[in-house]
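Here's the letter readout for the chains.
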Amino acid sequence: MFKGLELWIIVIPILFVGLLIYFYGFGARDVTGGKVFVSGHEFKVDISDTVLKRQQGLSGREKLADDEGMLFVFERPAVRRFWMKDMPIPIDIIWISDGEVVGFERNLEPEPSVSIFSLKTYSSPQPVKLVLEVSAGTIDRLGIKKGDSVSIRL
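Calculation notes
- Residues numbered from 1 in each chain as written.
- Predicted model: local features only at pLDDT ≥ 70, side-chain atom pairs only at ≥ 80, totals over all residues.
- Heavy atoms only, no water.
- Helix = DSSP H or I, 4+ residues; strand = E, 2+ residues; numbered from the N terminus.
- Contact = heavy atoms within 4.5 Å.
- Polar contact = N/O pair within 3.5 Å; in protein donor to acceptor, adjacent residues only side chain to side chain.
- Patch = residues over 30% accessible without salt bridge, like charges linked within 9 Å, V, L, I, M, F, W, Y side chains within 5 Å.
- Areas by Shrake-Rupley, 256 points an atom, 1.4 Å probe, with all protein chains shown as cover.
- Salt bridge = Lys/Arg side-chain N within 4 Å of Asp/Glu carboxyl O.
- Buried < 20%, exposed > 50% of the residue type's maximum accessible area, 1.4 Å probe, protein only.
- Core = buried A, V, L, I, M, F, W, Y, C linked by side-chain atoms within 4.5 Å.
- Phe/Tyr/Trp six-rings, centres within 6.5 Å; stacked < 30°, edge-to-face > 60°.
- pLDDT = per-residue confidence, 0-100.

### Description of the environment of D148
Step number 1: Among the structural elements, D148 can be located in the loop between α3 (138-142) and β9 (150-153).
Step number 2: Remark: the alpha-carbon pair of D148 and V38, spanning 110 residues in sequence, is separated by 6.7 Å.
Step number 3: Aside from chain neighbours lying at most four places away, what touches D148 is S39, G99, E100, V101 and G143.
Step number 4: Polar contacts involving the side chain of D148 include one to the main-chain amide nitrogen of K145, which spans 2.9 Å.

### Some points on a nonpolar patch on the surface
Step number 1: Together, W83, I116 and F117 line one region of the surface with nonpolar side chains, adding up to about 380 Å² of accessible area.
Step number 2: Structurally, F117 is set in the loop between β6 (100-108) and β7 (121-123).

### As for the environment of G147
Step number 1: Topologically, G147 is positioned in the loop between α3 and β9.
Step number 2: For G147, a relative accessible area of 42% gives the class partly exposed.
Step number 3: Along the primary structure G147 and V101 are separated by 46 residues, whereas in three dimensions their C-alpha atoms are 5.2 Å apart.

### What to know about the environment of P112
Step number 1: Structurally, the position occupied by P112 is in the loop between β6 and β7.
Step number 2: Separated by 26 residues in the primary sequence, P112 and D86 have C-alpha atoms spaced 6.8 Å apart.

### Describing the side chain of R80
Step number 1: Tracing the backbone shows R80 in the loop between β3 (68-78) and β4 (81-83).
Step number 2: A distance of 2.3 Å separates a polar atom in the side chain of R80 from the backbone oxygen of R76.
Step number 3: The contact partners of R80, leaving out residues within four places of it in the chain, are F74, W95, Y122, S123, S124, V128 and V131.

### Considering the nonpolar core
One recurring pattern in soluble globular proteins is that nonpolar side chains are buried together.
Step number 1: Counting residues in each nonpolar core, the largest one holds 17 residues, and the members touching the most others are F82, I91, I93, W95 and V131.
Step number 2: Counting only elements with at least two residues in this core, the list comes to β3, β5 (91-97), β6 and β8 (128-135).
Step number 3: The next biggest cluster of nonpolar side chains, apart from the first, holds 15 residues, and it includes F43, I47, L71 and I94.

### Overview of the packing of aromatic side chains
Step number 1: Within the structure shown, the criterion is met by two aromatic pairs.
Step number 2: Judged by centre distance (4.9 Å) and plane angle (90 degrees), the ring pair of F72 and F82 falls under edge-to-face. Note that F72 is positioned in strand β3 and F82 in strand β4, a separation of 10 residues in sequence.
Step number 3: When the centroid spacing of 5.7 Å and the interplanar angle of 75 degrees are considered together, the rings of F82 and W95 count as edge-to-face.

### A few points about the confidence of the model for the protein chain
Step number 1: Summary statistics for the protein chain give a mean pLDDT of 87 and a share of 80% for residues scoring 70 or more.
Step number 2: Long-range and interchain partners of residues 24-29, a stretch whose pLDDT sits below 50, account for eight contacts in this model, where long-range means more than four residues apart.

Right, dumping it as structure tokens:
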């Protein structure tokens with residue numbers, strides 16, 4: 001009986017650390033940035049590939065250059081829903097699947113005085129593993145359209 005208790009004293013902390021790594025990605029990846037090319041246009045991006053990074057997103061960021069963005073990377077394709085919680089700057093969202101643009105949202109404005117329960121949500125038109133946020137107006141300025149090719153260099 002005592003040996004069983006000793007085993008649980010070892011197993012429980014290991015399971016706890018494993019769950020932390022799974023849900024929050026502590027040390028899961030060392031990649032923090034990269035480049036995304038949308039129809040030949042280059043964006044320097046921060047990589048958001050853990051629950052905590054995705055939760056933070058671009059919130060709190062005061063500006064975003066024309067050639068900057070944030071790439072959200074998910075483990076598996078699913079319909080993704082985004083909102084503008086705590087966002088101080090307007091953005092465009094580009095939904096990406098299988099190396100091409102499958103949809104986008106243009107000129108999304110911050111909603112600073114809206115309650116969390118009333119924020120607009122924006123959904124991908126189909127399951128995606130990648131979502132690119134760039135400064136508002138980028139889609140129109142560069143003429144990005146559905147079907148444009150997307151490549152990533154980390």
